[in-house]
Each structure stands twice: as structure tokens, then as C-alpha cells.
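The primary structure of each chain is shown beneath.
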Amino acid sequence: MTSRHVVVVGAGPAGLAAAEAALAAGARVTLLDAADRPGGQYHRMLPEAYDAARPEVLQHGWTAFDRRRRRVLAHPRCAWWPESPVWSLERPDPARPGPPRVHVLRGPADGGGRPRTALDPDALVLAVGAHDRVLPFPGWELPGVFTAGAAQALAKGERVVVGDRVLVAGTGPFLLPVAASLLEAGSEVVGVLEANTPGTLARGWARRPWELAAQAAKTGELAAYSALLLRRRVPYRTGRTVVEARGDGRVEEVVTARLRPDWSVVPGSERAVAVDAVCVTHGFSPQLELPLAAGCALRRTPGGEFVDVDGDQATSCPGVYAAGEITGVAGAPAARAEGALAGWLAAEGAPDARALRALRRSRDQGRAFAERLARAHPIGAAWPGWLRPETVVCRCEETDYASVRRVAADRASSGTRVAKLETRAGLGPCQARICGPTVAELNARLSGEPADRPVEGLPAPAPHRRPIAQPIRLGELASAPDPPYHPYHP
């Protein structure tokens with residue numbers, strides 16, 4: 001009897017755990033990632049030629065990650081495909097339900113003539129993660145304004161600092177590791193600003209406090225980051241954020257302001273701070289392109305829309321499992337538990353009741369933490385008050401807030417697709433990955449329509465629904481594909 005072929009998309013904490021569990025259950029695994037090294041954002045590694053002498057000093061949990069990475073990549077039944085983005089998923093014939101065919105490009109993103117091939121898995125695990133969500137504000141399109149995730153990626157993956165004097169602002173615990181990465185890479189962090197007020201934070205974190213006992217590891221991380229900020233005399237402020245960036249050709253200063261609980265600006269609280277870079281994040285948006293292409297159902301939570309999974313991490317699409325931040329943003333330990341559960345069950349391993357109970361317990365604790373995180377760090381409803389008519393909302397197409405308001409006021413143009421064509425918001429190179437949720441929310445508010453209104457018969461969120469999930473050149477698309485890959489006949 002041949003073992004099952006499990007394809008895992010994403011080599012972050014969830015994807016590596018899924019690959020390890022599937023291998024332990026006897027499956028053959030093909031592990032794909034668009035990056036050249038495994039680890040994802042959480043364990044982003046330096047280029048091989050510049051490996052750190054003591055990486056455990058730079059990253060939490062490095063030793064355990066390094067052991068798992070080596071076990072997985074050296075396993076004889078594992079095929080590791082770096083620099084291999086999945087650009088499309090092809091659903092099977094409805095008469096033969098099963099996971100979709102996985103279309104892959106292989107090679108560096110800036111390389112030419114990347115070969116494309118296809119995989120026909122027995123089971124598919126999606127662990128593609130999330131990216132920063134950033135709300136627009138006047139001047140956010142200036143050079144020197146970075147998402148917090150991009151700044152951390154440069155600091156951790158290249159040891160490159162985004163500026164000498166940097167301000168970190170937004171909401172969520174992610175602000176702290178970003179500030180730590182910048183300090184360790186050599187930047188001066190002039191402050192960390194949490195937009196939510198002390199009352200909002202206290203209500204979110206103090207709810208059912210006994211559940212926090214299961215998050216002892218996160219408490220340790222928080223203490224380490226806080227100690228670093230104290231040693232380096234970096235101020236941490238709550239109820240304040242960046243509402244404007246200014247500069248001639250690049251950021252030279254930012255305007256911060258005190259916020260009410262709904263994120264409306266307290267008049268007279270504005271302060272100018274001289275910086276040469278600012279890093280902002282307002283939570284995370286799950287990368288839903290591949291789950292939606294596979295036909296996976298979504299669920300709405302206080303923190304946004306995520307892939308809906310059952311107790312086995314199975315999605316609504318037969319043979320497709322999901323793990324990590326696409327099911328809810330709960331941190332690396334919860335992602336690893338979800339990944340291990342998904343990989344084991346995707347491989348149809350022999351049940352180990354005790355191990356599965358432990359994984360499910362860890363996963364459920366992670367889900368409870370994700371709910372707490374969303375309640376403690378919500379996006380305030382009054383944030384559009386920061387905007388001016390000339391504020392750029394879609395940076396790719398330079399669509400301003402006045403254009404969005406004008407289209408929303410016209411009932412004939414307020415449909416999402418019509419609005420996109422009239423304003424061009426979401427039609428640029430990022431294909432609405434950055435501005436899509438924001439434009440949809442603004443359009444819904446201004447037109448008085450519900451934010452999750454179906455668009456031409458398609459369920460929300462429309463910005464993530466596209467047949468081509470990653471950029472592919474026309475020449476690559478037109479060239480003859482390689483024969484479908486099967487692990488039993490490499």
C-alpha cells in the first residue's frame with residue numbers, strides 16, 4: 001500500500017509542524033514556500049551566506065525550530081521546494097471530489113523563464129499566513145512609511161534597518177517584537193504607540209483571566225520585550241497613534257495624536273515627532289486567495305474573516321486542511337498545534353488519542369487567545385476621521401479619499417466592482433491585497449450598505465477572490481508546463 005501524498009503550502013510554524021506530523025504518520029510530503037528558506041515571518045532567517053553565529057540570541061524558540069527544520073528537510077519522504085509560489089488552484093471535477101490540483105512556479109521571483117508544474121495531492125494543507133493591515137492616513141504613501149512586518153523582515157532577514165530614528169505605531173502585541181528587531185539591528189526607536197486606550201486593553205485582556213495561565217510562554221516573551229524597551233529607554237504609550245506623516249520626498253516627521261476609545265482624535269493632542277522612518281500595523285489580514293480558490297468557506301469573527309475549519313482542521317473543501325493565521329491570528333504556538341493536527345489527519349495517520357487530545361487542547365487555547373487579542377486590540381470605528389479628501393487610499397493607483405466618497409454617494413456606482421472600475425482602487429500591482437479591505441469598508445460605510453454584502457453572487461471578501469493568486473509572466477503562462485510531479489516517480 002502506497003503512502004498518501006500530502007502537499008503543504010507554507011513553511012512557517014504551522015506548515016513545518018504539518019509537514020513533520022504528516023511524515024511521522026507515514027505520508028510523502030511536498031513542502032512549498034515562496035521564500036528561499038523555511039521559517040516564515042516568525043523564524044525569518046538570514047541569507048545562508050550571512051548566517052548568524054548565534055541565531056538563538058536573535059529569535060525566540062530557535063533551538064526547537066532548528067531541530068524541526070532539520071528533521072523535516074532531511075527526511076527521505078520529504079521534497080522541499082523553496083522559491084516555489086503557488087499561483088493557482090484548479091478545482092477537481094465535481095463528480096470526483098478531492099483536493100484541487102496545485103499549480104506551482106519554481107525559481108526566484110526576479111528570475112526569467114520560471115518552469116511551472118502541477119501537483120495532484122491526496123491531501124492539501126494550506127498554511128499561507130497573513131500580512132499586515134495598515135489603515136491609510138495623510139502621508140502614508142511617502143517613502144519611509146513601512147508596514148511593521150516589512151520592517152521586521154528587513155531587520156531579521158537582512159539585518160537592514162529602515163531608518164536611524166524610527167517610530168513604531170498601530171495596535172497589537174506585534175508592535176513589541178518589531179521594536180525589538182529594530183533595536184537589535186541598530187535603529188533608534190523613539191517610541192512605541194498603541195492606539196487603543198488603557199480601558200479597552202484592560203477589558204480585553206482581563207476577560208476570563210484564568211485562561212491566560214495557558215499562555216505562559218507568551219508572558220515570558222512579553223517580559224523579555226518589555227525589559228529590552230526599558231533598558232533602551234524606549235517609551236511605550238497607549239491611546240496614541242500616528243495620524244499624519246510629513247516630508248519633502250520622504251518622511252521627515254510624523255504627527256501623533258491622543259485617541260478616544262473609538263479612535264477619534266482628541267482635539268489639541270497632536271504632537272510632531274522628527275523621524276526618518278515610521279512602522280505601522282493595525283492587525284493582520286489573512287492571505288485568503290488560495291483558500292477561496294479551493295472553495296473553502298469562511299467564518300466571521302471579531303478579528304475579521306478567516307477560513308472555517310472543523311475540529312480536525314478540515315475545511316469545507318474535501319481533502320483540504322488549513323492551519324495557522326488563515327484560521328485566526330493566535331501566535332506561533334497555536335499555529336504549530338493546528339499544523340501538527342492538520343498534517344497528522346491529512347496523512348490519515350493511525351489515531352493516537354492522547355496526542356490528538358493534547359493538540360486539540362493547545363489549538364483551542366490558541367483560539368481563545370485569538371478572540372482575546374481581537375477584543376483587546378480592535379480597530380476603532382472612527383478612524384476614517386483621520387482622512388482628508390486628498391488622502392491617498394490606494395497607493396498603487398493613487399486613488400484619493402474624495403474619489404471613494406464621490407463614487408459611494410452615487411447609488412448607481414456604489415457596487416464594489418463598479419466602484420473599483422471608476423476609482424481604480426485595487427487594480428494596481430498589489431491587486432487590492434493592501435487597500436482592498438479598507439476600500440470595501442469605506443465604501444460600505446459611505447453608501448450605507450453592509451460590509452459583507454455579496455458581490456455579483458460571490459460571498460465576501462471580494463478583494464481576495466482571484467483565479468491567479470500570485471504574479472505570473474505571460475511568457476511563463478504561455479510556455480508548456482512540466483509534467484505533473486508525483487513523489488513516487490520523481
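Reading guide: rules and limits
Residues numbered from 1 in each chain as written. Predicted model: local features only at pLDDT ≥ 70, side-chain atom pairs only at ≥ 80, totals over all residues. Heavy atoms only, no water. Pairing = 2+ DSSP bridges. Helix = DSSP H or I, 4+ residues; strand = E, 2+ residues; numbered from the N terminus. Axes fitted to C-alpha atoms, helices over the stretch in contact; angles between N-to-C directions. Contact = heavy atoms within 4.5 Å. Phe/Tyr/Trp six-rings, centres within 6.5 Å; stacked < 30°, edge-to-face > 60°. Lys NZ or Arg CZ within 6 Å of the ring centre and 35° of its normal. Salt bridge = Lys/Arg side-chain N within 4 Å of Asp/Glu carboxyl O. Buried < 20%, exposed > 50% of the residue type's maximum accessible area, 1.4 Å probe, protein only. Core = buried A, V, L, I, M, F, W, Y, C linked by side-chain atoms within 4.5 Å. Polar contact = N/O pair within 3.5 Å; in protein donor to acceptor, adjacent residues only side chain to side chain.

Visitor: Report on the sheet that holds strand 11 (residues 188-194), specifying residues and quantitative values.
Guide: Strand order in the open sheet formed by five strands is 9-16-10-11-12, and the pairing between neighbours is parallel. Of all the strands in the sheet, just strand 9 (145-147) and strand 12 (236-238) have a single pairing partner and so form its edges. For this sheet, the mean angle separating the axes of adjacent strands, direction not counted, is 20°. Of the strand pairs in this sheet, strand 11 and strand 12 are connected by three bridges, and their pairing is parallel. Residue pairing for strand 12: Glu-194 is matched across the bridge by Thr-238. Packing of helix 4 (residues 148-158) onto the sheet brings it into contact with strand 9 and strand 16 (277-282), and relative to strand 9 it is tilted by some 85°.

Visitor: Which residues make up the packing of aromatic side chains, and what are the values?
Guide: Overall, the coordinates contain four aromatic pairs when judged by the stated rule. Across the ring face of Trp-81, the terminal group of Arg-106 is positioned such that the distance to the ring centre comes to 3.8 Å. When the ring centre of Trp-140 is taken as origin, the NZ or CZ atom of Arg-395, which lies over that ring, is 4.2 Å away.

Visitor: How would you summarise unusual backbone geometry if you had to cite specific residues and measurements?
Guide: Phi at Arg-233 is positive, roughly 55°, even though this residue is not glycine. Tracing the sequence through the fold places Arg-233 in the loop between helix 7 (216-231) and strand 12.

Visitor: Outline the pattern of salt bridges, listing residues and values.
Guide: Enumeration over the complete set of coordinates arrives at 19 salt bridges. Taking the shortest distance from any N to any O, the salt bridge between Glu-244 and Arg-388 comes out at 2.9 Å. Of the two residues, Glu-244 is situated in strand 13 (residues 240-246) and Arg-388 in the loop between helix 10 (353-376) and strand 21 (392-394); the sequence distance between them amounts to 144 residues. On the basis of relative accessibility, which here comes to 11%, the residue Glu-244 falls in the buried class. Glu-397 is paired through a salt bridge with Arg-424; the nearest N and O atoms lie 3.0 Å apart.

Visitor: Describe the pairing of strand 4 (residues 86-90), listing the residues and the values that go with them.
Guide: In summary, the side chains of a regular strand alternate between the two faces of the sheet. The buried fraction of strand 4 is high, at four of five residues. As paired elements, strand 4 and strand 5 (residues 101-105) share four bridges and run antiparallel to each other. Residue pairing for strand 5: Val-86 is matched across the bridge by Val-104.

Visitor: An account of the pairing of strand 7 (residues 123-126) is requested, with residue identities and associated values reported.
Guide: Where burial is concerned, the two faces of strand 7 agree: the one with Ala-123 and Val-125 and the one with Leu-124 and Leu-126 are both buried. Sheet topology places strand 1 (residues 5-9) next to strand 7; four bridges connect them, and they run parallel. The residue of strand 7 that forms the bridge with Val-6 is Ala-123. As paired elements, strand 7 and strand 20 (residues 320-322) share three bridges and run parallel to each other. Pairing of Leu-124 across the sheet is with Val-320, part of strand 20.

Visitor: Which residues make up the nonpolar core, and what values do they have?
Guide: Generally speaking, soluble globular proteins have nonpolar side chains that are buried together. Residues Phe-137, Val-145, Leu-167, Val-254 and Trp-386 are the most contacted members of the largest nonpolar core, which totals 35 residues. Discounting chain neighbours no more than four positions away, the residues touching Phe-137 are Val-145, Val-242, Val-243, Glu-244, Ala-245, Val-280, Trp-386, Leu-387 and Thr-391. In terms of nonpolar packing, the next biggest core, distinct from the first, is built from 33 residues, Val-6, Ala-11, Leu-345 and Ala-346 among them.

Visitor: Got a sec to walk through the side chain of Thr-281? Specific residues and values, please.
Guide: Tracing the chain through its elements places Thr-281 in strand 16. Look at Thr-281 and you get buried, because its relative accessible area is 1%. Separated by 3.3 Å, the side chain of Thr-281 and the backbone oxygen of Gly-283 make a polar contact. Not counting chain neighbours up to four residues away, the residues in contact with Thr-281 comprise Asp-132, Arg-133, Val-134, Ala-148, Ala-169, Gly-170, Thr-171, Phe-174 and Leu-175.

Visitor: Lay out the sheet that holds strand 5 in plain terms, naming residues and giving numbers.
Guide: What the three strands build is an open sheet, ordered 4-5-6; its pairing is antiparallel. Among the strands making up the open sheet, the edge pair consists of strand 4 and strand 6 (116-119). Taken over all neighbouring pairs, the strand axes of this sheet differ in orientation by 20° on average, direction set aside.

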